[in-house]
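# Structural characterization, general
Letter by letter, the chains look like this.
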Amino acid sequence: MVNEKLKIAIGSDHAGFRLKESVRKHLAEKGCDVEDCGVHSDEPADYPDSAQKVAVRVAARQAGWGVLICGTGLGMAIAANKVPGIRAATCNNTLLARFAREHNNANVLALGGRMVDAAEARKIVDTWLAAEFAGGRHERRVEKITALEERSVY
Ligand code: RB5
């Protein structure tokens with residue numbers, strides 16, 4: 001069930017630009033409040049820049065979710081996960097999207113524009129939005145991830 005007031009920050013690099021445009025329109029059609037953090041063309045761009053913009057909005061609770069799209073979805077997730085409070089997961093299929101929400105309480109979905117087509121990306125996004133964090137034993141595990149962020153020296 002999609003909350004109509006759900007705010008989603010979305011971003012991409014050049015390799016994810018076309019898919020980002022498609023996913024952005026899909027989310028808007030579903031009634032989501034979508035903030036486009038760029039990029040706005042397929043000119044070469046560095047994925048950590050958009051990852052930072054989206055991740056900071058989610059971490060600051062200016063957006064409920066983030067969606068990041070690069071060529072594979074890997075670089076975006078690696079970069080976004082450097083921002084405290086972010087649990088970004090690369091989900092290039094619907095099963096991963098479901099488990100990223102149910103088990104990991106992921107708050108940023110990373111997709112690969114070179115890995116999935118627009119139709120598959122729509123299914124992944126819909127699965128992500130419909131899934132809920134299962135809590136219970138998964139809550140304890142996610143809390144341990146948060147505790148890792150709080151350690152500054154190893
Ligand atoms: C850009 O060529 C590509 O490296 C980038 O989009 C992404 O896939 C990195 O993880």
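The rules we used
- Per-chain numbering applies: the sequence of each chain, read as written, is numbered from 1 onward.
- Per-residue local features are limited, in this predicted model, to residues with pLDDT of at least 70; the limit for side-chain atom pairs, both in listing and counting, is 80 or more; totals at the level of whole chains, interfaces and linings are taken over all residues.
- Values shown for side chains rest on all heavy atoms present in the structure; no hydrogens or waters enter the calculation.
- Axes here refer to lines fitted to C-alpha atoms; in helices the fit is confined to the stretch in contact. Angles between the N-to-C directions go from 0 to 180 degrees.
- Helix and strand assignments come from DSSP, with helices taken as H or I runs of at least 4 residues and strands as E runs of at least 2, each series counted from the N terminus.
- Small angles under 35 degrees read as roughly parallel and large ones over 145 as roughly antiparallel, with 65 to 115 read as roughly perpendicular and the rest as oblique.
- Should the near helix be turned anticlockwise from the far one by less than a right angle, the crossing is left-handed, and should it be turned clockwise, the crossing is right-handed.
- Should any heavy atoms of two residues lie within 4.5 Å, those residues are counted as being in contact.
- Put simply, Ala, Val, Leu, Ile, Met, Phe, Trp, Tyr, Cys and Pro go in the nonpolar bin, Asp, Glu, Lys and Arg in the charged bin, and everything else, Gly too, in the polar bin.
- Side-chain atoms within 4.5 Å are what join buried Ala, Val, Leu, Ile, Met, Phe, Trp, Tyr and Cys residues into a set we call a nonpolar core.
- Between buried and exposed lies partly exposed: a residue is buried under 20% and exposed over 50% of the maximum accessible area for its type, with that area taken using a 1.4 Å probe on protein chains only.
- Side-chain rings of Phe, Tyr and Trp, where Trp is taken by its six-membered ring, are said to pair if the distance between their centres is within 6.5 Å; with planes under 30 degrees apart they count as stacked, over 60 as edge-to-face, and otherwise as tilted.
- Only when the NZ atom of a Lys or the CZ atom of an Arg is both within 6 Å of the ring centre and within 35 degrees of the ring normal do we say a charge sits over the ring.
- A strand pair is defined by DSSP finding two or more bridges across the two strands.

Let us look at the packing of helix α1 (residues 17–29) against helix α5 (residues 118–130). Where α1 contacts α5, the two axes come as close as 10 Å, and the packing angle between them is 45°. As judged from the angle between their axes, α1 and α5 are oblique. Every pair of crossing elements has a handedness; the one defined by α1 and α5 is right-handed. For the pair formed by α1 and α5, the contact residues are Leu19, Ser22, Val23, His26 and Leu27 on the first element and Ala118, Ala121, Arg122, Val125, Asp126 and Leu129 on the second. The residue makeup of the contact of α1 with α5, split by class, is seven nonpolar, two polar and two charged.

What follows concerns the nonpolar core. One finds Val23, Leu27, Val67, Leu111, Trp128 and Leu129 to be the most contacted residues of the largest nonpolar core, which totals 23 residues. For this core, the leading source of residues is α5, giving five residues. Counting 18 residues, the second largest nonpolar core, distinct from the first, contains Leu68, Ala77, Ala88 and Val108.

For the rest of this paragraph, the subject is the packing of helix α4 (residues 94–102) against α5. Two packed helices can be described by the angle between their axes and the distance between those axes. For the pair α4 and α5, the least separation of the axes is 8 Å and the interaxial angle reads 20°. Taken together, α4 and α5 sit at an angle that is classed as roughly parallel. Note that α4 runs across α5; the crossing there is right-handed. Residues Thr94, Ala97, Arg98, Ala100 and Arg101 of α4 form the contact with α5, whose own contacting residues are Glu120, Lys123, Ile124, Thr127 and Trp128.

For the rest of this paragraph, the subject is the packing of aromatic side chains. Tallied over the full model, the rule gives one aromatic pair. Judged by centre distance (5.9 Å) and plane angle (75°), the rings of tryptophan 65 and tryptophan 128 are edge-to-face. With a gap of 63 residues between them, tryptophan 65 in strand β3 (residues 65–70) and tryptophan 128 in helix α5 connect regions that are remote in the sequence. Taken individually, tryptophan 65 and tryptophan 128 each receive the classification buried, so the pair is uniform in this respect. One Lys or Arg, arginine 98, reaches over the ring of phenylalanine 99 and ends 4.8 Å from the middle of that ring.

Right, let's get into the sheet that holds strand β1 (residues 7–12). If you walk across this open sheet you meet the five strands as β2-β1-β3-β5-β4, and the pairing is parallel. The open sheet has two edge strands, β2 (33–36) and β4 (88–90), and neither has a second partner. Adjacent strand axes in the sheet meet at a mean angle of 20°, parallel and antiparallel pairs treated alike. The sheet contact formed by β4 and strand β5 (residues 108–112) spans three bridges and is parallel. Residue pairing in the sheet places alanine 88 in a bridge with valine 108 of β5. Taken strand by strand, helix α2 (residues 47–59) contacts β1, β2, β3 and β5, and its axis lies near 175° from that of β3.

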